[in-house]
Every structure is written in C-alpha cells, then in structure tokens.
Amino acid sequence: MKKNQKTAALLILERKGVPNRKQRMSVSGGCLCCVKYLMFIFNLIFWLGGCGLFGVGVWLAFTQSEFSSLPLSFPSLSAANLLLVAGGITMVTGFLGCLGALKEQKCLLMTFFVILLFLVLIEVALIVVLSVYHEELDKKAKDDLREGMKDYLKNKGLKTSWDNMQATFKCCGVSNYTDWHNKTSNGKLPESCCRDNTDHCHYWEEPCYDKAKNWLLDNMTSVLGFGVCIGIVQILALVFSLLMYCQILRAEKYMD
C-alpha cells in the first residue's frame with residue numbers, strides 16, 4: 001500500500017514537471033563534470049603562467065649575475081627574486097588545483113582555494129604598497145646601495161659588481177658621480193665611471209639606479225601584461241574551485 005502511494009506521488013510530481021531523484025543526480029553530475037574540466041583548464045593555464053614567471057625570474061637572475069654582490073634592493077636583482085618566488089608558488093598552487101579537479105576531493109579543493117585566496121590578497125597588498133610607498137622604497141634602496149659603496153675597495157665581489165654595472169649601463173654612482181666621494185682612495189672616481197682611459201676622467205652623467213630601473217621597466221612591460229592575465233585566471237580559478245566544492249557537496253547529498 002505504501003509503495004503504491006509513493007509511486008503515485010512520484011507520478012504526480014513528474015506530471016507537474018518536478019524532476020525526480022535520478023534526474024536531479026544526472027543534472028548534478030553533468031554540472032560537476034563541466035565545472036571539473038573548466039577548473040582543470042584554468043588551473044593548467046595558471047600552472048603554465050607560473051612556469052613563465054619562474055622562467056623570466058631565472059633569465060633575469062642570469063642576466064644580472066654580474067651584479068650579484070650588490071644589495072638585493074637593486075631593482076633587477078629584487079625583481080628576479082620576486083619572480084622566482086611568485087613563479088614557484090604559482091606552479092605549486094596550479095598543480096594542486098589540477099590535482100584537486102581531477103581527484104574531485106573536497107580537502108584538496110578547499111586547500112587550493114585557501115592558498116590561492118591568500119596569494120591573491122598578498123598580490124593586492126603588494127601592488128598597493130608599491131603604488132603608495134614607491135618613493136620611500138626607492139629612497140631606501142638608494143640608501144642601501146650608497147651604504148654598500150663604502151666597501152668598494154674592501155670587497156672584491158662588490159667592486160666587480162659595481163664596475164660591471166657602471167660599464168654595462170654607462171652610468172656613475174647611485175644618483176650621480178658625487179656618491180663616490182670619500183669612497184675610493186684619493187677621492188678618485190672608479191675607472192668604470194670614465195668614458196675613456198685619459199688622465200682626466202670624463203665620467204658618465206646618468207645615474208645607475210634610474211638607468212637600471214628604466215631598463216627593468218622596459219623589459220617588464222610584457223611581463224606586467226602577462227601578470228594581469230594571470231590575475232584574471234586566478235579569480236576564475238577561485239570561482240570554479242568554490243563551484244566545484246559546492247557541486248561535490250550537492251552530489252554527495254543526493255547520493256545519501
């Protein structure tokens with residue numbers, strides 16, 4: 001009797017257009033599959049983006065290896081380290097997202113969501129700090145470089161780095177040639193500051209910090225555009241990971 005009543009109730013619901021349990025599970029499974037592959041694709045792009053950032057960081061580190069003894073506040077050296085760290089974290093996070101999507105495990109998905117959200121918040125905070133305090137950061141970096149110039153004659157590695165930088169960028173000093181006053185013997189400018197080998201030094205007038213910073217910005221324009229694309233992919237990956245988590249919960253509810 002109860003079975004007949006249940007069957008009759010299901011028939012009434014079907015006539016009214018209300019999907020039954022089997023239909024709801026089918027729809028839920030289809031949505032889960034769609035979200036799963038979309039999330040996998042976005043995380044694969046995210047992982048490839050991390051590889052790209054890491055690769056640029058390696059290239060920048062090798063390119064600027066001649067300046068390796070300078071303080072890490074030197075623009076290109078600090079940018080290389082930042083890209084290496086950001087690229088490494090992005091690669092690990094993207095791999096975790098791909099694995100979570102394929103395995104359909106709530107624990108992996110939630111871990112991925114938390115890590116990625118934390119990463120996005122750090123990136124936003126870093127952009128805000130660089131935008132608001134860029135003048136203070138420039139001043140701090142210049143002061144660090146000037147402080148390091150005191151060891152020019154004592155530290156062979158530092159001397160080589162400064163000479164390579166001034167010869168490469170055709171510049172002298174951090175802000176100008178006066179930065180070398182009282183830093184060398186007899187108050188003479190380093191030979192790398194001079195345009196030629198004559199007795200009277202015709203020094204380069206351009207400041208090294210600004211030239212290095214401009215060189216970095218010129219070479220980082222495409223990387224910044226690439227970073228914006230990665231940021232968009234990060235937001236989409238957050239959305240899809242949350243959607244997939246909810247879909248898995250819904251599927252488990254229907255199975256129960």
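Procedures and definitions
Residues numbered from 1 in each chain as written. Predicted model: local features only at pLDDT ≥ 70, side-chain atom pairs only at ≥ 80, totals over all residues. Heavy atoms only, no water. Helix = DSSP H or I, 4+ residues; strand = E, 2+ residues; numbered from the N terminus. Expected span 1.5 Å × (residues − 1). Buried < 20%, exposed > 50% of the residue type's maximum accessible area, 1.4 Å probe, protein only. Salt bridge = Lys/Arg side-chain N within 4 Å of Asp/Glu carboxyl O. Phe/Tyr/Trp six-rings, centres within 6.5 Å; stacked < 30°, edge-to-face > 60°. UniProt positions renumbered as here; feature names shortened; annotations may be inferred. pLDDT = per-residue confidence, 0-100. Contact = heavy atoms within 4.5 Å. Disulfide = S-S within 2.5 Å. Axes fitted to C-alpha atoms, helices over the stretch in contact; angles between N-to-C directions. Parallel < 35°, antiparallel > 145°, perpendicular 65-115°, else oblique. Left-handed = near helix turned anticlockwise from the far one by under 90°. Nonpolar A, V, L, I, M, F, W, Y, C, P; charged D, E, K, R; others polar. Core = buried A, V, L, I, M, F, W, Y, C linked by side-chain atoms within 4.5 Å.

A rise of 1.5 Å per residue sets the reference length of helix α4 (residues 106-132), with its 27 residues, at 39 Å; its end C-alpha atoms lie 39 Å apart and thus fit the reference within 8%. Residues of α4 that are buried: L108, L109, F112, F113, L116, L119 and V120.

Moving on: the pattern of salt bridges. Scanning the model with the defined rule gives seven salt bridges in all. Between D144 and K140 there is a salt bridge, and its shortest N-O distance comes to 3.0 Å. Of this pair, D144 and K140 are both found in helix α5 (residues 134-148), four residues apart, which corresponds to roughly one turn of the helix. You can call D144 partly exposed: its relative accessible area is 27%.

Summed over the entire model, instances satisfying the criterion amount to five aromatic pairs. On the numbers, 4.8 Å between centres and 70° between planes, the contact of Y152 with W180 is edge-to-face. Within this pair, whereas Y152 is found in the loop between α5 and α6 (156-169), its partner W180 is found in the loop between α6 and α7 (208-255), the two being separated by 28 residues in sequence. Among the residues examined, Y152 registers a relative accessible area of 3% and is labelled buried.

Attention shifts here to the UniProt feature "transmembrane region" (unreviewed entry) in the protein. As recorded in UniProt, the feature "transmembrane region" (unreviewed entry) lies at residues 37-62, 82-102, 109-133 and 223-246. Secondary structure content for residues 37-62 is 100% helix and 0% strand, and the end C-alpha separation is 37 Å. Strand forms 0% of residues 82-102 and helix 100%; the C-alpha atoms that close the span are 30 Å apart.

Attention now moves to the confidence of the model for the protein. Chain-level statistics for the protein give a pLDDT mean of 76 and a share of 81% at 70 or above. Averaged pLDDT values over the elements of the protein bottom out at 43 in helix α1 (residues 2-15) and peak at 85 in α6. Across residues 1-28, where pLDDT falls below 50, the model places 14 contacts with residues more than four positions away in sequence or in other chains.

This model, assessed by the stated rule, comprises two disulfides. The partner cysteine of C171 in its disulfide is C208, sulfur to sulfur 2.0 Å. In this structure, the disulfide formed by C171 and C208 twists by about 95° around the S-S bond and is classed as right-handed. Of this pair, C171 sits in the loop between α6 and α7 while C208 sits in helix α7, and the two are 37 residues apart along the sequence. Take C208: its relative accessible area is 1%, and that puts it in the buried class.

With that settled, consider the packing of helix α3 (residues 75-103) against α4. Running from amino to carboxyl end, α3 crosses α4 at an angle of 155°, the nearest separation of the two axes being 9 Å. Overall, the two elements α3 and α4 adopt an arrangement that is roughly antiparallel. Judged by the sense of rotation from one axis to the other, the crossing of α3 with α4 is left-handed. Note on element contacts: α4 touches α3 through L108, L109, T111, F112, I115, L116, L119 and L126, opposite L82, I89, T90, T93, L96, G97, L99, G100, A101 and K103. Its residues assigned to classes, the contact of α3 with α4 shows twelve nonpolar, five polar and one charged.

Turning our attention to unusual backbone geometry. The phi dihedral of K170 is positive, around 55°, even though this residue is not glycine. Along the polypeptide, K170 turns up in the loop between α6 and α7. Using a relative accessible area of 45% as the deciding quantity, one classes K170 as partly exposed.

What follows covers the side chain of D163. The topology assignment puts D163 in helix α6. According to the relative accessible area criterion, D163 is buried, its value standing at 18%. Those residues in contact with D163, other than ones at most four positions away along the chain, are Y152, P190 and S192.

Another aspect to go through is α3. Helix length check: α3 (29 residues) gives 42 Å between terminal C-alpha atoms against 42 Å at 1.5 Å per residue, within 8%. Downstream of α3 by a residue or two, E104 has a phi angle that is positive, lying close to 55°.

With that settled, the discussion passes to the nonpolar core. Judged by nonpolar contacts, the single largest core of 21 residues is most densely connected at L70, F74, W162, M165 and W180. Listed by contribution, the elements that provide at least two residues to this core are α5, α6 and α7. Of the residues forming this core, the biggest block, four residues, is contributed by α6. Leaving out residues up to four positions away in the same chain, F74 has contacts with Q64, F67, L145, M165 and A212. Core analysis: the second largest hydrophobic core is formed by 20 residues, M39, L96, F113 and L238 among them.

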